[in-house]
Each structure stands twice: as structure tokens, then as C-alpha cells.
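# Observations on the model geometry
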Amino acid sequence: MINKTIFISGTPCTGKTTISQILFDKLNLKENWYVKLIKTNELAFGNDLILGRDPEKDYKIVDIENLDKAFNNQKNEFFKQNKNKNKLLIFEGHLSHFCSGADKVIILRAHPDKLKIRLSDRNYTSSKINENLLSEALAVCSVEAYEKYGDNTCEIDVTDKSPEDVLDIICKIICHDLSYPVGEVDFIEWVLKK
């Protein structure tokens, strides 16, 4: 039996929500799987975990400590159910890697040139685009996740992969404990060109 909790995190617009939903939909259709998808933003807003707004960067500040508690309460309830099935709990969002309880943390990475197009298409401001591009080039989410989870952190370069290719890699990580170590995805050349 597989009983795992995975976190899917990364810079905005790397595909976390899309991939998490596809993974949930695919495994949820299988008879021997019991799957739950929790989205960090929905959990934070639904439990009134917004502390305020950052006036300089104009984003909502989430109470990470209580987000972690709310997540782990749902996790504990989830794993009490359907004992005769493979269980997978997916926690998706760019703040998930700050929480506790993951068996694997999967950071989705995208080359800053491609990420810039995605962020622009979502009408991010130029300052938010630049902040996220630099964050991605410097692997900020990967470093943060690695500091908490060490070798249980994986990175996937999704730049030129289809959602199906990414899904295949994630399934291998989940079912076969394959590793995609932090540090193998490197976009630092993008910073050096600037």
C-alpha cells in the first residue's frame, strides 16, 4: 500500500495548480486509490489565515504556523479513512513547502524566459514579474524546501514538458521513490545575461 503526502510547490505560473488537478483527476479514477487535493490558497482563505497585506510588494500575508496546523488536521483526518486503498494527499501551492508533513516536496521549475510569458499573460505587474523571475532563476522555492526537507525535495524542469510528461515523472516519484535532486535544474545563466 502507498500512503504518501506530497507537496507541489514552485514560483507562480510554473504549473502547480494544473499538474495537481490532473494528478488528482487521474488517480481518483483508479479503483484502488483514495486521493485528496488541498490547495494552500483555499485553505488559507477558508480558515481566515490572512494576516494582512504587504504594502511594498502588494501580496497577502498568510499565517504559515496556522496554515500548517490546518493542513495537518486535514491530513490526519484523511489518513484515518479508506484503510484498504492506496492513499495520496496532494498539498498544492507556493507556500506548501513551508508546512510540515510531506513525504516528498516537488518543486516545479520553468525557465525565466517562458515564465515571463506566463506571468505577463496573467497580468502580473512588471515589478511582480521581475521579482518572480529572479526568484525562479535563483531557485528560491527549491532552496527553501531543501532547507526543510533535504533529500525529500525534488525539482522538475517543466519548461519544455507537456503536462502528461510532468505527471509521469511525479507518478514515478510517488510510486517508485525516484529522486530528482535539487540543483540539477539551473537557470543562473539567465541572471548572468541581465
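These lines cover the structure that appears in this document, whether it is placed above or below. Values in this document were obtained by computation on a predicted structure and should not be read as measured data.

Take the overall build of the protein next. When helices and strands are tallied, the protein shows 8 helices and 7 strands. Over its C-alpha atoms the protein spans a radius of gyration of 17 Å, differing by no more than 12% from the 16 Å that the globule rule assigns to 194 residues. A principal-axis box enclosing the C-alpha atoms of the protein has dimensions of 55 × 35 × 30 Å. In the protein, buried positions account for 46% of the 194 residues. Here the analysis covers contacts within the protein between residues at least 6 apart in sequence; of these, 78% occur between residues at least 24 apart. About 10,200 Å² of surface is accessible on the protein, with carbon and sulfur atoms providing 48% of the total. Separation between the mean location of the 27 positive side-chain charges and that of the 30 negative ones in the protein comes to 4 Å.

What follows is about the side chain of Glu92. Along the polypeptide, Glu92 turns up in strand β5 (residues 86-92). No salt bridge is formed by the buried Glu92, whose closest oppositely charged neighbour, Lys39, lies at an N-O distance of 5.2 Å. If we skip the residues at most four places from it in the chain, Glu92 touches Ile8, Lys16, Thr17, Ser20, Leu37, Ile38, Lys39 and Thr40.

About the criteria used
All residue numbers refer to position in the chain's written sequence, counted from 1. Per-residue local features are limited, in this predicted model, to residues with pLDDT of at least 70; the limit for side-chain atom pairs, both in listing and counting, is 80 or more; totals at the level of whole chains, interfaces and linings are taken over all residues. Side-chain metrics rest on all non-hydrogen atoms present in the structure, leaving aside hydrogens and water. To qualify as a helix, a DSSP run of H or I must reach at least 4 residues; to qualify as a strand, a run of E must reach at least 2; elements of each kind are numbered from the N terminus. Using C-alpha atoms as the atom set, the radius of gyration is obtained and then compared with a globule rule of 2.2 Å times the number of residues to the power 0.38. Here the term buried applies to any residue with accessible area under 20% of the maximum for its type, exposed to any over 50%, and partly exposed to those in between, with areas from a 1.4 Å probe on protein chains only. Note on contacts: a residue pair is in contact if any heavy atoms of the two residues lie within 4.5 Å. All accessible areas in this document rest on Shrake-Rupley with a 1.4 Å probe, and a residue is counted as covered only by the protein chains that are shown. Asp and Glu are treated as the negative residues and Lys and Arg as the positive ones, with His and the ends of the chain left uncounted. The atoms used to mark charge sites are NZ of Lys, CZ of Arg, CG of Asp and CD of Glu. By salt bridge we mean one thing: a side-chain nitrogen of Lys or Arg within 4 Å of a carboxyl oxygen of Asp or Glu.

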